[in-house]
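Topology and contacts: notes
Each chain, written out:
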Amino acid sequence: MMEKIHLLGVMKNKLVYIFVLFLFVGCGNDETKEIKPIKKDPILTQVKIERPDFNTDSAYLYVKQQVDFGPRFPNNEAHGKCAKFLEKKLKSFGFSTITQIGKATTFNNKKITIKNIIGEYNPEAKKRILLFAHWDSRPFADQDSKNMTKPILGANDGASGVGILIEVARQIAINKPEIGVDIIFFDAEDYGQPAGMSNTVSETYCLGSQYWANNLHKKDYSADFGILLDMVGNTNAYFTQESISMRYAPQIVHKIWNYGKILGYGKYFVNKSTNFVGTDDHQFINEIAGIPSIDIIHYDRSSGNFHPTWHTHNDNMDVIDKTTLRVVGEVILYTIYNEK
Ligand code: AHN
Ligand code: ZN
């Protein structure tokens, strides 16, 4: 179905080219020579990329399986169980896995044990992509109006990106790409200081990615580029070109947003610059690990902020939309199978 739609789009383009060609020929204008042959249209070559289908039902199940553990934050029981579940999943898809253990202190002086779940596919390959998402959920609901001290489920904020990446790992296992792919589920992204408490909030977030960037699981580890998925599961998702990504890796933003358009998802991947993400894991992967990395994250147009369920008890499975999971999953698979 989708392929048909692309072809139609491509044919339309072709017709436009032919029409323009006639126009120029008709005018006897010398500029005719400058019209590029249709063969060189990048869209024509790129839609043909062979890639596996993303199974949205599996991705949805992987989101739900995490949420079913309950709130998953450092030191709680569900957190320990979910860490084992995630490592087992990546291992079952043939990834070499490590759970990196680290110690950190939170803004409210809690000593926590961080578990970063790392999986490598094709570890020998030189050309590599790093895909990441945070797997912990926020230990409080500071944006809610009730039960603000109780932990949240984090279906969108946490589980959505991880669920998509587990399905990506499953597809990689079935349909082995040439390049190397590393998947990291970072811990303790969301143990940060609630907004408004002080002006030095940002480093209190992303404790797992900061730990990893300062203690790479492999000496001299690097990747060509990185993609973070954060809050990628809600209905009517709207992914803008956010400022940290644009500062450090504009070329990657353009590439991925272009893929979104090629696949027919221009409604989701919009060419609009925004500056609303105070910090996120990709900041530290850029600044400390030096890997050019971007964030695919929903922007809420009515508030100019994150999704309305952000850091509230409404961030549960009701927010998760299979279409959005599919759109993001397909763009990620398209990216992987397009790299040589
Ligand atoms: C801050 O609120 C400073 N950063 C938001 C990053 C985030 C939180 N992503 C998910 N949860
Ligand atoms: Zn959060």
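Quick summary incoming for the structure in this document. Model, not experiment: these values are computed from the prediction.

Glancing now at the site of ligand 1. Close to ligand 1 lie His 134, Asp 157, Glu 189, Asp 190, Tyr 205, Asp 230, Met 231, Thr 279, Asp 280, Phe 306, Trp 310 and His 311, which account for all nearby residues. A distance of 3.1 Å is found between a nitrogen atom of ligand 1 and a side-chain nitrogen or oxygen belonging to Asp 190. Thr 279 is positioned with one of its backbone polar atoms (N or O) 3.2 Å from a nitrogen atom of ligand 1. Against a free-state accessible area of 320 Å², the protein chains account for coverage of 93% of ligand 1. Taken together, the residues of the shell around ligand 1 break down into four nonpolar, three polar and five charged.

What follows covers the pairing of strand S8 (residues 293-297). Of all the five residues making up S8, five are buried; the element is thus mostly covered by neighbouring parts of the structure. The alternating pattern of S8 places Ser 293, Asp 295 and Ile 297 on one face and Ile 294 and Ile 296 on the opposite face, and all of these are buried. Pairing analysis gives five bridges linking strand S5 (residues 225-230) to S8, with the strands arranged parallel. Across the sheet, Leu 228 pairs through a bridge with Asp 295, a residue of S8.

What follows is about the coordination of the zinc ion (ligand 2). Coordination of the zinc ion (ligand 2) by the protein involves Asp 157 (OD), Asp 190 (OD), Asp 190 (OD) and His 311 (NE2), with metal-donor separations of 1.9 to 2.5 Å. All donors of the zinc ion (ligand 2) come from a single chain, and their spacing in sequence reads D-x32-D-x120-H. Residue Asp 157 is found in helix H5 (residues 155-174), and its partner His 311 is found in the loop between S8 and helix H10 (322-338); the two are separated by 154 residues along the sequence. By the burial criterion, Asp 157 is buried, and His 311 matches it.

Quick look at the nonpolar core now. In summary, soluble globular proteins display a tendency toward joint burial of nonpolar side chains. Core analysis: the biggest nonpolar cluster contains 62 residues, and Leu 131, Phe 185, Ile 256, Phe 269, Ile 296 and Ile 336 have the highest contact counts within it. Setting aside chain neighbours within four positions, we find Ile 336 in contact with Ile 129, Leu 131, Val 168, Ile 172, Pro 177, Ile 179 and Val 181. Of all hydrophobic cores here, the second largest spans twelve residues; its members include Phe 132, Ala 213, Ile 285 and Ile 291.

A word on the sheet that holds S5. Strand order in the open sheet formed by six strands is S1-S2-S4-S3-S5-S8, with mixed pairing between adjacent strands. Taken across any chain shown, the strands that pair with only one partner, and hence form the sheet edges, are strand S1 (96-105) and S8. Recorded for the sheet is a direction-independent mean angle of 20 degrees between the axes of neighbouring strands. Where helix H8 (residues 250-262) meets the sheet, its contacts fall on S5 and S8, and the angle it forms with S8 comes to roughly 45 degrees.

Basis of the calculations
- Residues numbered from 1 in each chain as written.
- Chains lettered and ligands numbered in written order.
- Predicted model: local features only at pLDDT ≥ 70, side-chain atom pairs only at ≥ 80, totals over all residues.
- Heavy atoms only, no water.
- Near = heavy atom within 4 Å.
- Polar contact = N/O pair within 3.5 Å; in protein donor to acceptor, adjacent residues only side chain to side chain.
- Areas by Shrake-Rupley, 256 points an atom, 1.4 Å probe, with all protein chains shown as cover.
- Nonpolar A, V, L, I, M, F, W, Y, C, P; charged D, E, K, R; others polar.
- Buried < 20%, exposed > 50% of the residue type's maximum accessible area, 1.4 Å probe, protein only.
- Helix = DSSP H or I, 4+ residues; strand = E, 2+ residues; numbered from the N terminus.
- Pairing = 2+ DSSP bridges.
- Donors = N, O, S within 2.8 Å, 3.2 Å for Na, K, Ca; no water.
- Core = buried A, V, L, I, M, F, W, Y, C linked by side-chain atoms within 4.5 Å.
- Contact = heavy atoms within 4.5 Å.
- Axes fitted to C-alpha atoms, helices over the stretch in contact; angles between N-to-C directions.

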